[in-house]
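Reading the structure
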Amino acid sequence: MAEAAAIQGTTPSPARRWLRRTASLAVAAPLLAGLLQGLPAPAAQAAESAGGNGGVDVSVDTLAPKAPVEGDTLTITGTVTNETKQSVSNATVDLRVGPRMTSRSEIDEVADRDGVRYGSDPAPLGGPYTVKIPTLGAGLSREFTLSVPVSKLGLDDAGVYQLGVSLSGQTGGQSYERLLGIERTFLPYQPDEAEKKTKLTYLWPLISTSHVSAETGPNLQQTPVFENDDLAAELAPGGRLNEMVTLGKDLPVTWVIDPDLLASVAAMAEPYRVKSGATEVPGRNQAIAENWLDALEKAVQGHKVVALPFADPDLASLAHHGKEVPGSLSHLQQATALASTTVETILHVKPSTDFAWPVDGAVDASIMAVATSAGAHNVIARSDSFRDDLSYTPTAARPVGGGTTAVVSDAGLSKAFQGDLIRAENSTLSIQSFLAQSLATTLELPEKQRSVVVAPQRMPTAAQAQSMATALQALGAKRWTEPEDLPAASAETPDPDASTRIPSSHSYPKKLRAQELDTKAFLKMKETRDELDDFRVILTAPDRVVPPFTNAISREMSTSWRGEAPSAALYREEVLRYLRSLTEEVQLIKKSDLTLSGRSATIPVTVQNRLLQGVDHLVLRLQSGNKNRIKLDGEGTAEQPVKINGGHSQSVKFNASANANGPVTMTAQLYTEDGTPYGAPMTFTVKVSEITPTVMLVIAGGVLLLVLAGIRMYSQRKRAAARNAEAEAAAEATEEDADETSHDAEAESAKAAEAAEDAGETADEGAEPEPDGSPETAQPSDPTPNTGPESGDPSGTGEKVDR
């Protein structure tokens, strides 16, 4: 045989060589056992580390092409690291190609192998396709590159082959070579295009955690307030969400989007604020958010978009703990209704809202019922929840009754890219495993075309997204799959042999159940909803308050809180605290105790509105604690409507009548128009001090006497002032007349003297003029008629009840 092969210029394939070696070992095993009986085990083998590892780590960093065809050259790069304390000499890096695998379960079994396992791995390819390393010191690493033509790999037919890269050498002065380390992966090979390609639906999720609080700014734009600015790092170049958009735009995928993410980024694209301790600071990442939205809008064009309910509510938590809490399921319906509007407004594409996606595709009867309660007719499950006893992978779509279809994603393909894929080695192994599993699925029934759905983790990291994209790009032309969108996959003809039995609640994974929101969380959400409902009915502009809080409640039941119970509880408390701070802006002003003197009076109660908008549809009710002493409008209770503009107060006055002396406790309480109490009640005391008719007559008589006395004094002062004024005027007139008469008398005397001298007669003329009148004598004790200004001080106490 060997001579014939040499003459023909052919060599046995690696698969055949592996079978020959296995057969030779089986024949020689009894002989070897007899020869080795009684001999001590080699020291080198005894020194092997736990788990069968020979002490050298082999990593496969790159493998190209991922799925080679005839004529290709397979190139593998990687690193070998000596993790022992001894040098390795005469080391050889080899490529090992195993036989074609016949099932997906066999692929899983090989993938679970770890470390060196003597006799289970194929023989090395040898020849020129090796890398020699003379010495590899303790703790040192060496890179390697292996290049082998595909024609030299001995691949017989289309299928998945085990591919191993190993290092063999000598350690510790041993004279023989042994296997010191190996890395196993898979090589999918299909030389010709498949006749019946598998229809592959790959979900591309755009989901994040909750970032926006319920708080908004007081301006007309209602500037949103973010809990943190972490979302910006995901949107920036190199960030997780940025990578998802950049990579996804060129892939045949179905976009699965949480509308809350779109709403949050759209809010960030405008002026926004971020909580920083007890204060808020302006956000500075508007440009990053705007660029991401623009890129996403272009990326989804021509693709199917599926919108989850707003904020991606945790359907399993709702089913197991929330559905018995009133209002929880109705809130899920609101979140579903909001989804389509949000996506269409921001991305300008009409999404499908007919899909529900429970966590990890794990379902039971209650989850299915809740998932479809908001109108969804398709539930994305997973095959490790919907189990089948079939030797092949059935089509994903399965009708489960009531017009509902379970779209069962493939568990192996869906979980292929979990874990830390930052290291090139881990990424390469994940990609090759995904390609191997997908090819094996097609080869299970090559004559029958099936539809397979892949639903990866909800929030892939940037490295995971890059690995997923690389794997999908490898499924190009002449491969074994063809793309299909999710709505089309859900409408595929189901496999009649596939199970349609919904799993029981006992089969739901305990690990997932432990991460769910508990009943207390849903009761807290109900408390917030109830207080919001009481608040909204009194607002004149409820659209400024209701949507932010409705969205916040949706975020409280988000799937993203799984495993984050303390943070979820804190978020719920913050939302409720802020809502209560707003409701307390409309309140009753505290009153001090009052005194009611007399049989009737008015009792004012002040309502203050410190909101930026007006309030209406409020009723203020005042109740007397003892209606035998004080009645309000003839009853023990009185009500007045309340309507106040933003930033104002209103004094509401109640007519009160007193029947008996003594203190009475009064209770004021605001109510909405439907009779629901609003805010806390306010109490104060009114002391009744009744005044008798006799006392009133005495007081009235005294007041009358004081008034008459004042009038008399005023009249006397007025007359005295008039007499004084007349006397002064008369005195001035007398003095002027006397001066004038004296002057005339002197002139006449001179003339008379002259006349006497001439005529011998003397005339004596002189007379004192009588005054026109004599004023009455004034009373020097009367005061001046001018009085000072009236005092502005408050008057004495009377029937005043408001202080």
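Because the structure is a prediction, the values reported are computed rather than measured. Every chain is numbered on its own, with residues counted from 1 as its sequence reads. With the structure being a predicted model, the display of local features is reserved for residues of pLDDT at least 70 and the display and counting of side-chain atom pairs for 80 or more, all residues being used for whole-chain, interface and lining totals. Computation of side-chain values covers all heavy atoms of the structure but excludes hydrogens and water.

1. Digging into the overall build of the protein
Applied cut-off: Where helices and strands are cited, they refer to DSSP runs of H or I of at least four residues and of E of at least two residues respectively, numbered from the N terminus. Per-residue accessibility, obtained with a 1.4 Å probe over protein chains only, is compared with the maximum for each type, and a residue is labelled buried under 20%, exposed over 50%, and partly exposed between these values. In what follows, residue pairs with any heavy atoms lying within 4.5 Å of each other are defined as contacts. With residues, only the protein chains shown are counted as cover, and all accessible areas are computed by Shrake-Rupley using a 1.4 Å probe.
Helix and strand content of the protein: 20 helices and 29 strands. Buried residues in the protein amount to 45% of all 803 residues. Restricting to contacts in the protein with at least 6 residues of sequence separation, those with at least 24 account for 78%. Working note: accessible area of the protein is about 40100 Å², and carbon and sulfur atoms make up 52% of it.

2. What to know about the confidence of the model for the protein
Rules: Confidence per residue, as judged by the predictor, is encoded in pLDDT with a range of 0 to 100.
A residue-level look at the protein finds 82% of positions with pLDDT of 70 or above and a mean pLDDT of 84. In the model, residues 740-747 has pLDDT below 50 throughout and makes three contacts with residues more than four positions away in sequence or in other chains.

3. Some remarks on the packing of aromatic side chains
Let me state the cut-off plainly: Aromatic pairing here means that ring centres of Phe, Tyr or Trp (its six-membered ring) are within 6.5 Å. Orientation follows from the plane angle: under 30 degrees is stacked, over 60 is edge-to-face, and everything else is tilted. Cation placement over rings: the criterion is NZ of Lys or CZ of Arg within 6 Å of the ring centroid and within 35° of the ring normal.
In this structure the tally under the stated criterion is six aromatic pairs. Ring geometry for Tyr202 versus Trp204: centroids 6.4 Å apart, planes at 50°, classification tilted. Classification of Trp204 as buried rests on a relative accessible area of 0%. Taking the centre distance of 5.7 Å and the plane angle of 20° together, the rings of Phe549 and Tyr578 count as stacked. Remark: Tyr578 occurs in helix α19 (residues 565-583) and Phe549 occurs in helix α18 (residues 546-556); sequence separation between them is 29 residues. Among the aromatic residues, those joined into a cluster by ring pairs are Tyr202, Trp204, Phe417 and Phe434. Sitting over the face of the ring of Trp357, Arg458 holds its NZ or CZ atom 4.4 Å from the ring centroid. Above the face of the Tyr671 ring, Arg621 is positioned so that its terminal group lies 4.0 Å from the ring centre.

4. Quick word on the packing of helix α6 (residues 240-248) against helix α14 (residues 462-474)
Rules: Angular values range over 0 to 180 degrees, each being the angle between N-to-C directions of two axes fitted as lines to C-alpha atoms, with helices fitted over their stretch in contact. Note on terminology: angles under 35 degrees are roughly parallel, angles over 145 are roughly antiparallel, angles of 65 to 115 are roughly perpendicular, and the others are oblique. The crossing is said to be left-handed when, going from far helix to near helix, the turn is anticlockwise and less than a right angle, and right-handed when the turn is clockwise.
At a minimum axis distance of 8 Å, the contact between α6 and α14 shows a crossing angle of 15°. As summarised for this structure, α6 and α14 are arranged roughly parallel, according to the angle between their axes. For the crossing formed where α6 meets α14, the hand is right-handed. In this structure, α6 uses Arg240, Glu243, Met244 and Leu247 to contact α14, whose residues at the interface are Ala462, Ala465, Gln466 and Ala469.

5. Considering the sheet that holds strand β29 (residues 677-689)
Convention followed: Pairing between two strands is assigned when DSSP locates at least 2 bridges connecting them.
Spatially, five strands are ordered β22-β29-β28-β24-β26 in an open sheet, and the strand pairing comes out mixed. Edge positions in the sheet fall to β22 (594-597) and β26 (637-644), since each has one partner strand and no second. Neighbour to neighbour, the strand axes of the sheet diverge by 30° on average, direction disregarded. Here seven bridges tie strand β24 (residues 615-624) to strand β28 (residues 662-672), and the two strands are oriented antiparallel to one another. Bridge pairing in β28 places Leu618 opposite Thr672.

6. Describing the pairing of strand β17 (residues 397-401)
Sheet topology places β17 next to strand β18 (residues 404-409); four bridges connect them, and they run antiparallel. Following the sheet pairing, Pro399 is matched in β18 by Thr405. If you look at the hairpin formed by β17 and β18, you'll find two residues sitting between the two strands, and Gly402 has a positive phi there, around 70°.

7. So, α19
Defined as follows: The span one expects for a helix is its residue count, reduced by one, times 1.5 Å. Note that the arc is computed from the directions linking the helix axis to the C-beta atoms.
Over its 19 residues, α19 extends 27 Å from the first C-alpha to the last, a length consistent with the 27 Å expected when each residue adds 1.5 Å. Looking only at α19, the buried set comprises Ala568, Tyr571, Arg572, Val575, Leu576, Tyr578, Leu579, Leu582 and Thr583. Down the axis of α19, the sector holding all buried residues measures 160°, keeping them to one side. Relative to its buried face, α19 has exposed residues pointing more than 90 degrees away, namely Pro566 and Leu570. Considering only its buried residues, α19 is in contact with β9 (212-216), α17 (519-536), α18, β21 (586-588) and β29.

8. Notes on the sheet that holds strand β4 (residues 131-136)
Taken together, four strands build an open sheet; the order of strands is β4-β3-β6-β7 and the sheet is antiparallel. Each edge of the open sheet carries a strand with a single partner, namely β4 and β7 (178-189). Recorded for the sheet is a direction-independent mean angle of 25° between the axes of neighbouring strands. Two strands pair when backbone bridges link them, and strand β6 (residues 159-171) and β7 are joined in this way by eleven bridges, in the antiparallel orientation. Following the sheet pairing, Val160 is matched in β7 by Pro188. In the packing of helix α4 (residues 104-111) onto the sheet, the strands contacted are β3 (88-101), β6 and β7, and the crossing angle to β7 comes to about 150°. Taken strand by strand, helix α13 (residues 424-444) contacts β6 and β7, and its axis lies near 45° from that of β7.

9. Overview of the environment of Val686
Residue placement: Val686 occurs in strand β29. On the basis of relative accessible area, Val686 is assigned to the buried category, the value being 1%. Each C-alpha atom, one on Val686 and one on Ile603, is 9.3 Å from the other, the two residues being 83 residues apart in sequence. Excluding residues within four positions of it along the chain, Val686 makes contact with Leu594, Leu596, Ile603, Ile630, Gly662, Pro663, Val664 and Met666.

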